[in-house]
Amino acid sequence: MPPSSASAAFRSTIIEVARDAGVSKTSVSRYLGGERHRLSPDMQARIATAIQRLGYRPNQMARGLKGGRSKLIGMLVADIRNPFSVDVLHGVEQACRARGFSLLVCNTDNDPAQERDHLALLASYRVEGIVINAAGRPSAELKALAAQGHRSCYSTAAWVMSMPM
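Note that the structure is predicted; figures quoted are calculated from it, not measured.

**Q** Tell me about the overall build of the protein, and please be specific about residues and values.
**A** Per the secondary structure count, the protein includes eight helices and four strands. The N-to-C order of helical and strand elements in the protein reads α-α-α-α-α-β-α-β-α-β-α-β. Partitioning the contacts of the protein with sequence separation of at least 6, the portion at a separation of at least 24 is 55%. Summed over its atoms, the accessible surface of the protein is roughly 10000 Å², and 54% of this surface lies on carbon and sulfur atoms.

**Q** Before we move on, could you go through unusual backbone geometry and cite the residues and values that matter?
**A** Here D109, not a glycine, exhibits a phi torsion of approximately 50°, which is positive. Classification of D109 as partly exposed rests on a relative accessible area of 46%. A positive phi angle is found at N110, which is not glycine, with a value near 60°. With a relative accessible area of 42%, N110 lands in the partly exposed category.

**Q** Just give me the short version of the packing of aromatic side chains, but keep the residues and values in it.
**A** Per the stated rule, a full pass over the model turns up zero aromatic pairs. Above the ring of Y31, the side-chain terminus of R36 is found at 3.8 Å from the ring centroid. The residue whose ring lies beneath K71 is F101, and the NZ or CZ to ring-centre distance is 4.1 Å.

**Q** How would you sum up the nonpolar core? Please name residues and give values.
**A** Residues V17, V23, V28, I47 and I51 are the most contacted members of the largest nonpolar core, which totals 13 residues. Elements supplying a minimum of two residues to this core: α2 (14-21), α3 (25-32) and α4 (41-54). Setting aside anything within four residues of it in sequence, one finds V17 in contact with V28, I47, A50, I51, L54 and Y56. If you look at the next biggest cluster of nonpolar residues, it comprises 10 residues, including V88, F101, L103 and V131.

**Q** Give a detailed account of the packing of α2 against α4, specifying residues and quantitative values.
**A** Where α2 meets α4, the closest approach of the two axes is 8 Å, and the angle between their N-to-C directions is 125°. In terms of their interaxial angle, α2 and α4 are classed as oblique. For the pair α2 and α4, the sense of crossing is right-handed. Contacts between α2 and α4 involve E16, V17, D20 and A21 from the former and R46, I47, A50, I51, R53 and L54 from the latter.

**Q** Now, about the pattern of salt bridges: what can you tell me, with residues and values included?
**A** Applying the stated criterion to the full structure yields six salt bridges. Several salt bridges converge on common partners, so that one network encompasses D79, R81 and D109.

**Q** Requested: an account of the packing of α2 against α3, with residues and values cited.
**A** A packed helix pair is summarised by two numbers, namely the angle formed by the two axes and the spacing between the axes. It is the contact of α2 with α3, at a shortest axis distance of 8 Å, that shows an interaxial angle of 110°. Relative to α3, α2 is oriented roughly perpendicular. Counted together, I14, I15, V17 and A18 of α2 and K25, V28, S29 and L32 of α3 form the full contact between these two elements. Class assignment of the residues belonging to the contact of α2 with α3 gives a composition of six nonpolar, one polar and one charged.

About the thresholds
Residues numbered from 1 in each chain as written. Predicted model: local features only at pLDDT ≥ 70, side-chain atom pairs only at ≥ 80, totals over all residues. Heavy atoms only, no water. Helix = DSSP H or I, 4+ residues; strand = E, 2+ residues; numbered from the N terminus. Contact = heavy atoms within 4.5 Å. Areas by Shrake-Rupley, 256 points an atom, 1.4 Å probe, with all protein chains shown as cover. Buried < 20%, exposed > 50% of the residue type's maximum accessible area, 1.4 Å probe, protein only. Phe/Tyr/Trp six-rings, centres within 6.5 Å; stacked < 30°, edge-to-face > 60°. Lys NZ or Arg CZ within 6 Å of the ring centre and 35° of its normal. Core = buried A, V, L, I, M, F, W, Y, C linked by side-chain atoms within 4.5 Å. Axes fitted to C-alpha atoms, helices over the stretch in contact; angles between N-to-C directions. Parallel < 35°, antiparallel > 145°, perpendicular 65-115°, else oblique. Left-handed = near helix turned anticlockwise from the far one by under 90°. Salt bridge = Lys/Arg side-chain N within 4 Å of Asp/Glu carboxyl O. Nonpolar A, V, L, I, M, F, W, Y, C, P; charged D, E, K, R; others polar.

What follows is the structure, encoded as structure tokens:
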């Protein structure tokens, strides 16, 4: 029986899929993780049917914790209403989508305190890169992010901070 609403789809778990398909959690994990060749065709079909029946959708946050990749790019925007910011945001979102990333956008309304708060928020989400169009010069915060292992940062301002890739 399919879920009655979109919110119900988010409640099904990998364990429920495994139970419904009559397989182990490891088998479902292999199916979802690109190791289908290790499963029999019958098992693959049962897992696919269970996923469809339950409306299962992988929890991207959990996948990021396990695999170390969030597939998130953060973007700090000084003023989201500015036409330049809209154009940059559009291009960044398209580039992210083409590469399998999701974009997390933070608008600061030209407030340096908001910039600092949003940079901390982006770090807490373990974004894999940050695009910055900032009102201030949050270089200390960016250096702190780099020290935490963030690999890439791009600024739309002239003061681009280079981070090792």
